[in-house]
Structures are given as C-alpha cells and as structure tokens.
Amino acid sequence: MTYGYVRVSSTDQNEARQLAALRERKITGKRIYLDKQSGKDFERPAYRRLLKKLRPGDLLCILSIDRLGRNYGEILEQWRVLTKDLLVDVCVLDMPLLDTRSGKDLMGTFIADLTLQILSFVAQKERENIRVRQAEGIAAAKERGVRFGRPAVPIPENFPFVVAEWEEGSLSFHEALAQTGLSYGTFYRRLREYRVVMNCD
C-alpha cells in the first residue's frame, strides 16, 4: 500500500503544493495523512496514526525531506524508524536519490544514506540562517523605530467614570463595554492597568 504524508508549519500555510505532488502519483483520500502544526517534535496526531497504519513493504511518499522534521537529528531518526523498524520504503519526491525502492544493494544504500545526511544537515542550516536573518531584520527595524504587533487601544476618557458606575452596580458589564467601546479582554487589561495606577497614587 502507498501512503502520503503532508505537513505545514501552521494553519496559515497552504498544503496545496504537497497534495498536488501526491495526487500526481495517484495517492488520494484516506491514504494521505496531513498535519497542520510545527515540526519541532513528532507529537503530531496524523503522523502518529500513519506510523500505526504502515506495514512492512508499504511505501511512504513525501514531497521533501524536511516534512519529516525540523532538525538534522530528528529527520535521521524518523528515517531510521520508517526504514529499519517499520521496514517500509520511503520516496522523497523532490529528491529521486532518496527512494529506498531503488538501489537496495550496498552501494545504493550508502548513496541514499549519504544523500539523506547531507540534505538533512542543509535543511537545518537553512532554517537556522532564516532565524538569524529574521532576528537581524527585526533588530534593524526596531532601531529605525518600527513597532511590531497591534497598536495598544488607548483608555477612553470616560473609563474611570464607567468603572466606578460598573463597580457600584449601576451599569451592567455589557453596558460598560458599550460605553467604553472596548472588547471583553481589552476592558479587563485596561482595568488592571488602571487599578495599578490608582494604587500607586
């Protein structure tokens, strides 16, 4: 049986490219397992279900080697689990050398293992480089005065009066929100800040 595995790092990323690559090889429906979460570890529900489903002689297809994990050690460990413990074949679609169905002799296995180690190392280094570039870019932007995140919602001028009436019971909580124009969470954040300021005074 042939299966496919797809992973995207978050719900904001699109898995369409990986799915299209698997469908080109007639892998569809329940034979595709998809996770939408970080690859920082292997506590991924679809991946765990896939491991339980795989039987010796099955084939697992993934688009690229980094779908198995985010660092060198994890990728190599999962490759070992799949090929040595579960005795399944693995095909990395964008790297034909990483197809355990071909070259099962000593030389073929050596080439595949060497290619795997090189690609896993390169994938990890690239992610580390991306993080460094992001950190440098953020630091440079902050030096230029760029602010990140949503701007803070200012406390309305009528906030002290609304709080006083709400605490006295003459205003309901919903009325207090309506009069201040704040959301539930923002109201309570501003209320905590307001009480700190009042206690300091």
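Just above, that's the structure.
In short, a report on the structure. (Residues numbered from 1 in each chain as written. Predicted model: local features only at pLDDT ≥ 70, side-chain atom pairs only at ≥ 80, totals over all residues. Heavy atoms only, no water.)

### Brief notes about the sheet that holds strand β2 (residues 32-36)
Counted only if it meets this: Two strands pair if DSSP finds at least two bridges between them. Secondary structure counts use DSSP, requiring at least four H or I residues in a row for a helix and at least two E residues in a row for a strand, with both numbered from the N terminus. Axis lines are fitted to C-alpha atoms, over the contacting stretch for helices. Their N-to-C directions set the angle, which ranges from 0 to 180 degrees.
An order of β2-β1-β3-β4 is seen for the 4 strands of this open sheet, with the pairing classed as parallel. Of all strands in the sheet, those with a lone pairing partner are β2 and β4 (89-92), marking the two edges. For this sheet, the mean inter-axis angle between neighbouring strands, taken without regard to orientation, is 20 degrees.

### Focus on the environment of Asp113
Put simply, the rule is: Three exposure classes are used, based on accessible area relative to the maximum for each residue type with a 1.4 Å probe and protein chains only: buried under 20%, partly exposed in between, and exposed over 50%.
Mapped onto the elements of the fold, Asp113 is located in helix α4 (residues 106-143). Owing to a relative accessible area of 29%, Asp113 belongs among the partly exposed residues under this scheme. Sequence spacing of Asp113 and Thr100 is 13 residues, and the spatial spacing of their C-alpha atoms is 9.7 Å.

### Description of the packing of aromatic side chains
Just so we agree on the cut-off: Working definition: rings of Phe, Tyr and Trp (its six-membered ring) pair if their centres are within 6.5 Å, and the pair is stacked with planes under 30 degrees apart, edge-to-face with planes over 60 apart, and tilted otherwise.
Enumeration over the complete set of coordinates arrives at 11 aromatic pairs. Consider the rings of Trp166 and Tyr188, whose centres lie 6.3 Å apart with planes at 75 degrees: the pair is edge-to-face. Taken together, the positions of Trp166 in helix α5 (residues 159-168) and Tyr188 in helix α7 (residues 184-200) put the pair 22 residues apart, joining distant regions of the chain. By relative accessible area, Tyr188 is classed as partly exposed at 28%. Where Phe173 meets Tyr184, the ring centres are 5.5 Å apart and the plane angle is 80 degrees; that geometry is what we call edge-to-face. Pair noted here: Phe173 is in helix α6 (residues 173-180) and Tyr184 is in helix α7, with a separation of 11 residues, a long-range link. On the accessibility criterion, Tyr184 (56% relative accessible area) is exposed.

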